[in-house]
Amino acid sequence: MKAAVSYDMNQPLVIEDVTLDPPQQGEVRVRVAATAICHSDVHYLRGDWEIPRPFIAGHETAGVVEETGPGVTQVQPGDRVVVSLLRSCGRCDFCLSGGPNHCSASWPLDTESRIRNGAGQSIRHGVRVAGFAEYAIVDQSQLAAVPETMRLEAASLLACGVITGFGAVVNTARVEAGSAVVVIGTGGVGLNSVQGAALSGARQVIAVDLLPNKLAAARQFGASDLINAAEVDPVEAVKEVTDGRMADYVFVTVGSERAVNQALAMARRAGTVVLVGMPPERLDVSLSVRDLAFRGMVILGSFMGSTRLQIDIPRLIAHYERGNLHLDELITKTWPLEQINEAIESMERGEALRNVIVFDSPAA
């Protein structure tokens, strides 16, 4: 099979033929139809987050089940599926208490590889999926069903960006109807926080970004107010559009110290700041404990939108089928695997909401 392999930091991905071993206990081989490019992939590729090389990135994936290993009961060959990085054992404290996104189990694919290059070298399954390849081997718990009526390019977005941004609003913060919500950063994750807030009945959904094209997209996804932080002080702008009340909830969907500090200033007394975007590994923020206590602030971290795959993916698909959830509008352009480096560079220049790598799959 062909795959895009990362051998060297900050160097282009290498498109080459690799060999895939059969799936083992509880594992599934998926023929990939589409994998969207997420900023997390780029963090690994550029060395912002450490990962042993060589590896195959890509974790926002959809495709068709081709083969199942021993003990697989949840899917069968021919099933159309979303492939997420989330794994859940169903037995640990987190899984049993309703937080499977924090599953603490150990997984063979974290220490073993089913992929080898032409020299026989093992290649790591990057970001738990290795979706920048024609096939992927994952645990069965990473899969959620996709109806025949849904394009797999759109379904791939549900694997990470949508559930991360939307879930932060609906699952982690549980935004109440009538709230004033600020979303800092309106890329692929932030736009889903915007539409999550709109669907939750927020009376104001205030989008903050530096790029006019991203703000224009936020309007399409349900933002009531747009603030260009390159032109105005965003904290003062939030104060103005909320008539001095400030925001009930502020979602930070970018990994930026400045954005976190702005969020704390945008929230009202007893307001909630939700940290959604994943920053570089060494980003720290100084907090005034006295100020947080005095103002009664709530700070929440949100990993993958507190998502429960088998519950949240069907709900999101239902929203999409009713026309309430924008997915197709998130896709800026589709690219073949051979042009993945150009697609990544386009995303890094801020030209794309989501660029999607597509493969020759009859079910796409």
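Please refer to the structure placed before this passage.
The structure reproduced in this document is the subject of the present report. Predicted model, so just to flag it, every value in this text is computed and none were measured. (Residues numbered from 1 in each chain as written. Predicted model: local features only at pLDDT ≥ 70, side-chain atom pairs only at ≥ 80, totals over all residues. Heavy atoms only, no water.)

Concerning the overall build of the chain
Right, on to step 1. Counting its secondary structure elements, the chain contains twelve helices and 19 strands.
Right, on to step 2. C-alpha atoms of the chain, sized along the principal axes, occupy 60 × 40 × 40 Å.
Right, on to step 3. Counting across all 364 residues of the chain, residues that qualify as buried make up 55%.
Right, on to step 4. Across the chain, every contact between residues at least 6 apart in sequence was considered, and the portion connecting residues at least 24 apart equals 70%.
Right, on to step 5. With an accessible surface of roughly 15200 Å², the chain has 48% of that area assigned to carbon and sulfur atoms. (Helix = DSSP H or I, 4+ residues; strand = E, 2+ residues; numbered from the N terminus. Buried < 20%, exposed > 50% of the residue type's maximum accessible area, 1.4 Å probe, protein only. Contact = heavy atoms within 4.5 Å. Areas by Shrake-Rupley, 256 points an atom, 1.4 Å probe, with all protein chains shown as cover.)

Remarks on the environment of Lys 214
Right, on to step 1. By the element assignment, Lys 214 lies in helix H7 (residues 212-220).
Right, on to step 2. With relative accessibility at 11%, the residue Lys 214 sits in the buried group.
Right, on to step 3. Sequence separation between Lys 214 and Leu 226 is twelve residues, and the spatial gap between their C-alpha atoms is 10.0 Å.
Right, on to step 4. For Lys 214, the residues in contact, after removing those within four places along its chain, are Thr 186, Gly 187, Leu 191, Asp 209, Gly 350, Ala 352 and Leu 353.

Section: a negative patch on the surface
Right, on to step 1. Side chains of Asp 233, Glu 236, Glu 240 and Asp 243 sit close together on the surface and give a patch of like negative charge.
Right, on to step 2. Tracing the backbone shows Asp 243 in the loop between helix H8 (234-241) and strand S15 (247-252).
Right, on to step 3. In this structure Asp 243 comes out as exposed when scored by relative accessible area, which is 73%. (Patch = residues over 30% accessible without salt bridge, like charges linked within 9 Å, V, L, I, M, F, W, Y side chains within 5 Å. Salt bridge = Lys/Arg side-chain N within 4 Å of Asp/Glu carboxyl O. Lys, Arg positive; Asp, Glu negative; His and termini not counted. Charge placed at Lys NZ, Arg CZ, Asp CG, Glu CD.)

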